[in-house]
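Geometric and topological summary
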Amino acid sequence: MLPLAVCNHKGGTGKTTSVAHIAAALGLSGHQTLVIDLDPQGFLSRMLGIPEAAREDTALALFEHDREPGEVQIFGMSGFDLIPSSSLLTKRMRSLNKPTDVLWVKESIESGLLGREYDVVLFDTAAAVTVFSLNALVASRHALIPVLPEYQGVVGAEQTFQTIKLIRKRLNPRLQRTHFLFTQVDGRKGIHQSYRQYMRKKYEGHVLDTIIRTSTSLAESYEDGTTLFDHDPQARGARDYANVTDELMRKIQADGDGAAATDAEAPVPDASTPTPETLNS
Ligand SMILES: Nc1ncnc2c1ncn2[C@@H]1O[C@H](COP(=O)(O)OP(=O)(O)O)[C@@H](O)[C@H]1O
Ligand SMILES: [Mg+2]
C-alpha cells in the first residue's frame, strides 16, 4: 500500500482537484485506490456528491477506538473509493491534543480497519497545519505539493516543504520524497515559466516535469462520484492528470519501497523566495 498525502499550507493551489483526478487516473490504470478526505471543510466530498455522510461513515471513524476491521463505510466512486469528510472533524480536533494523536490515521490504515487492500491511499488535506494534515503526513510514504507558479504560491509550497522535512525528522522517517506539481499553469505568462525554472533549479528531483495547465473543465463538479475522466477523457485537464499520474508513479517506483528518504539532503528553503521583481535578476 502506498499512502500519499496531498498538502500545501496555501489554499486554492489545486489539492482537491489533484486528489480527485489522480485517484481517477490511478483507477483507470488498474490501481485499487482509496481517497480519504481529511479537510473538515469537505470540498472533495462535496465535489463527489457525499457532502455530509452520517458521522460514523466518515473519516471521523479513523479517530475512534471501538471500530472493528471492515466496519468503516467506504463509498464507491467512479474508479476509486472514498472515505468522506465530516464537519464534525473540527469539533473532534479540539480533543486531539496529545502527541500520540498524530498517529491515528497511520494506525487505522495499517491495522486492517479498512477491511480490504488498496494499492494507493490518497489524503486530501486543508490549507493549514492541523492535527489532520499531520496525521496524513505521518501515515504517508510520499507527499505531493500542488504549487501555483506565482509568488505566494511558491512561498506556500516552500513553507510546506519545510514542514514536511520536520515531520520526516521528528515523526515519520519513512516519508521518502516530496513531489512538487505545478498546477493552473498558463504558458503565456512569463512569470509562470520563471517560477518553474526557479523551483526546478532549487529542488531538482522533487519537481515533476509534467504540469497541469489551466482548464475550465477541471473546475466542473459533477457531484455524483464522476470526474472529467468520465465526461471528456480527451480534455486537456484529463490528459494532464493522466500524464502527471504516470510520472508520479514511475518516480515513486524508482525510489523503491525500502529506500531511505530522498529529500533529507534537499535544500533548506531560505526565507527569501524571490519576488517577481528579483526572480530574473
Ligand atoms: N488546472 C486548473 N485549471 C483551472 N481551474 C482549476 C484548476 N485546478 C483547480 N482549479 C480551480 O481552482 C480552485 C481551487 O482548486 P482546489 O483544487 O479546490 O484547491 P485546494 O484544494 O488546494 O484549495 C477551484 O475552484 C478549482 O476548481
Ligand atoms: Mg481543497
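Residues numbered from 1 in each chain as written. Chains lettered and ligands numbered in written order. Predicted model: local features only at pLDDT ≥ 70, side-chain atom pairs only at ≥ 80, totals over all residues. Heavy atoms only, no water.

1. Focus: the site of ligand 1
Taken together, the neighbourhood of ligand 1 is formed by 14 residues, with G12, K15, T16, T17 and S215 sitting nearest. Contact between ligand 1 and G14: an oxygen atom at 3.0 Å from a main-chain N or O atom of the residue. Here an oxygen atom of ligand 1 and a side-chain polar atom of K15 are 2.9 Å apart. Coverage of ligand 1 by the protein chains reaches 73% of its 550 Å² of free accessible surface. Tallied by class, residues from the shell around ligand 1 come to 3 nonpolar, 9 polar and 2 charged. (Near = heavy atom within 4 Å. Polar contact = N/O pair within 3.5 Å; in protein donor to acceptor, adjacent residues only side chain to side chain. Areas by Shrake-Rupley, 256 points an atom, 1.4 Å probe, with all protein chains shown as cover. Nonpolar A, V, L, I, M, F, W, Y, C, P; charged D, E, K, R; others polar.)

2. Notes on the pattern of salt bridges
Taken as a whole and judged by the stated rule, the model has 12 salt bridges. Between E64 and R55 there is a salt bridge, and its shortest N-O distance comes to 3.5 Å. Linking D240 and R213 is a salt bridge whose minimum nitrogen-to-oxygen distance equals 2.9 Å. Of the two residues, D240 is situated in helix 9 (residues 236-255) and R213 in the loop between helix 7 (190-203) and helix 8 (228-231); the sequence distance between them amounts to 27 residues. Classification of D240 by relative accessible area gives buried; the value is 5%. When its relative accessible area of 30% is taken as the criterion, R213 is described as partly exposed. Within the structure, one salt-bridge network assembled from shared partners comprises R55, E64, R67 and E71. (Salt bridge = Lys/Arg side-chain N within 4 Å of Asp/Glu carboxyl O. Helix = DSSP H or I, 4+ residues; strand = E, 2+ residues; numbered from the N terminus. Buried < 20%, exposed > 50% of the residue type's maximum accessible area, 1.4 Å probe, protein only.)

3. Focus on the packing of helix 6 (residues 151-170) against helix 7
Interaxial distance between helix 6 and helix 7 falls to 11 Å at its minimum, and their mutual angle equals 20 degrees. The angle between helix 6 and helix 7 falls in the class roughly parallel. Here helix 6 runs over helix 7; the crossing is right-handed. Seen from helix 6, the contacting residues are Y151, V154, E158 and F161; seen from helix 7, they are Y195, Y198, M199, K202 and Y203. (Axes fitted to C-alpha atoms, helices over the stretch in contact; angles between N-to-C directions. Parallel < 35°, antiparallel > 145°, perpendicular 65-115°, else oblique. Left-handed = near helix turned anticlockwise from the far one by under 90°. Contact = heavy atoms within 4.5 Å.)

4. Quick word on the packing of helix 1 (residues 15-28) against helix 9
The interhelical angle for the contact between helix 1 and helix 9, taken along N-to-C directions, is 75 degrees, at an axis separation of 9 Å. When the axis of helix 1 is compared with that of helix 9, the two are roughly perpendicular. Contacts from T17, S18, H21, I22, A25 and L26 of helix 1 reach helix 9 at Y241, A242, V244, T245 and M249. For the contact of helix 1 with helix 9, the class distribution of residues is 7 nonpolar, 4 polar and no charged.

Everything listed here is a matter of coordinates, which is why it stays silent on function.
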